[in-house]
Amino acid sequence: MNEKSNLRTPIVSVMGHVDHGKTTLLDKIRGTTITSGEAGAITQHIGATEVPIDLISKKCGDSNLANKFIVPGLLFIDTPGHHAFTSLRSRGGALADLVIVIVDINEGFMPQTKESLEILKRFKTPFVVVANKMDRIHGWNPTQDAPFSATYQNQSQRVKDILDQKVYEIVGELYEAGFNSNRYDRVTDFQRNIGVVPISASTGEGIPDLLMVLMGLAQKFLESDLSYDADGPGVGTVLEVKEEKGLGATIDLILYDGKLRKGDTIVIGSSGEPIKTKVRALLKPNYLSEIRTEDKFRQVNEVTAATGVKVSAPDLENVLAGSPIRAATGDVDRVVDEVKKELEDIKISTENT
Ligand code: GDP
């Protein structure tokens with residue numbers, strides 16, 4: 001695996017117009033499980049799904065991928081939409097490092113597609129566009145989970161022409177929105193051009209290509225942003241506050257830097273003074289229990305970024321989604337000041353968006 005780097009897994013978010021396939025795409029990615037026991041299976045986190053580089057290699061049929069890329073995989077936030085994107089911040093920027101903008105290939109751009117692009121422009125977040133539902137083109141000949149080029153070759157000339165035309169229209173709409181783009185396999189410089197990947201979230205076609213383009217984007221754009229201190233104090237963003245039977249109020253968070261341990265003192269931003277508390281338990285989904293038991297979660301002693309985890313601790317009732325959270329291993333007052341500063345940054349950048 002990848003010991004040569006200390007780059008964390010990039011965090012990926014999905015945006016786009018309602019019904020264009022955000023949920024189906026995330027479900028498809030989540031469903032991409034390899035038989036348990038095999039290397040590189042998907043890991044289900046709290047609020048997120050991790051696709052490791054080994055699995056991406058396998059899907060792309062390129063066993064050498066892990067040597068080409070120094071990013072260990074991709075962490076997809078399970079909640080789609082631009083609310084999730086704009087409300088989840090890291091130090092004033094977006095929590096998501098990369099975004100997939102999904103467009104129904106048969107409908108083209110709709111109001112929320114344009115809104116998503118405006119938001120991404122403001123945040124300067126690298127993104128890829130997927131032209132979804134290509135299987136709906138009349139006469140489509142599907143091959144489950146096939147890479148784009150393989151399935152494209154299997155289509156009639158008529159279907160190829162329709163697909164090319166629809167992709168061309170999306171490129172035109174992107175141009176009007178202020179972005180140069182091209183079908184992803186014709187893009188030579190992803191810093192200058194947005195890649196458009198034709199996919200079907202239903203059949204899985206084109207998804208290997210999408211994963212590959214995301215890896216490339218992460219590598220190219222984000223090397224410096226993704227370097228982190230795996231042993232430093234944990235830093236994250238609250239996804240959600242949830243009441244859990246037997247545990248009381250818990251928080252689901254995405255940790256994007258450092259390490260969080262059971263017993264750590266944590267400081268969480270709130271509308272008043274930051275909340276200081278201690279991690280009672282760190283919980284991960286207990287997906288081993290096929291038989292429905294009461295144990296939805298299993299405890300772990302520590303987690304390292306990037307990851308999604310549930311925290312059980314006292315005094316979490318008033319925490320708000322989107323709040324920053326930091327572990328305080330040394331001077332707690334200093335960390336309280338840092339969290340206050342971070343809240344200010346988030347407020348300022350929210351006012352500006
Ligand atoms: P969301 O609102 O963006 O999350 O969209 P959904 O994922 O809920 O999809 C809306 C509808 O489109 C659902 O009925 C999906 O089954 C369907 N859908 C999504 N992706 C595809 C696709 O690639 N092909 C086909 N044929 N249907 C799709």
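Residues numbered from 1 in each chain as written. Predicted model: local features only at pLDDT ≥ 70, side-chain atom pairs only at ≥ 80, totals over all residues. Heavy atoms only, no water.

What follows covers helix H7 (residues 157-176). For H7, built from 20 residues, the straight-helix expectation of 28 Å at 1.5 Å per residue is met to within 8% by its first-to-last C-alpha distance of 29 Å. Every buried residue of H7 is accounted for by Val159, Lys160, Leu163, Val167, Ile170, Val171 and Leu174. All buried residues of H7 lie within an arc of 115° about the axis, which places them on one face of the element. Residues of H7 that are exposed and angled more than 90 degrees away from the buried face: Gln157, Tyr168, Tyr175 and Glu176. Looking at the buried residues of H7, the elements they touch are strand S7 (98-104), helix H5 (111-123), strand S8 (127-132), helix H6 (148-153), strand S9 (181-183) and strand S10 (194-198). (Helix = DSSP H or I, 4+ residues; strand = E, 2+ residues; numbered from the N terminus. Expected span 1.5 Å × (residues − 1). Buried < 20%, exposed > 50% of the residue type's maximum accessible area, 1.4 Å probe, protein only. Arc of directions from axis to C-beta. Contact = heavy atoms within 4.5 Å.)

Looking at the protein, the pLDDT average stands at 89 and 92% of residues meet or exceed 70. Reported for the predicted complex are a pTM of 0.92 and an ipTM of 0.99. (pLDDT = per-residue confidence, 0-100.)

Let us now look at the side chain of Ser13. Secondary-structure assignment places Ser13 in strand S1 (residues 11-16). Non-local contacts of Ser13, meaning those with residues more than four positions away in its chain, are made with Phe85, Ala96, Leu98, Val99 and Ile100.

This part covers the site of the ligand. Around the ligand sit 15 residues, and of these Asp19, Lys22, Thr23, Thr24 and Asp135 come closest. Here Lys22 contributes a backbone N or O atom positioned 2.8 Å from an oxygen atom of the ligand. At 3.0 Å from a nitrogen atom of the ligand is found a side-chain nitrogen or oxygen belonging to Ser202. Burial of the ligand by the protein amounts to 74% of the accessible area it has alone, namely 570 Å². When residues in the shell around the ligand are grouped by element, the largest group, three residues, is from helix H1 (residues 22-31). (Near = heavy atom within 4 Å. Polar contact = N/O pair within 3.5 Å; in protein donor to acceptor, adjacent residues only side chain to side chain. Areas by Shrake-Rupley, 256 points an atom, 1.4 Å probe, with all protein chains shown as cover.)

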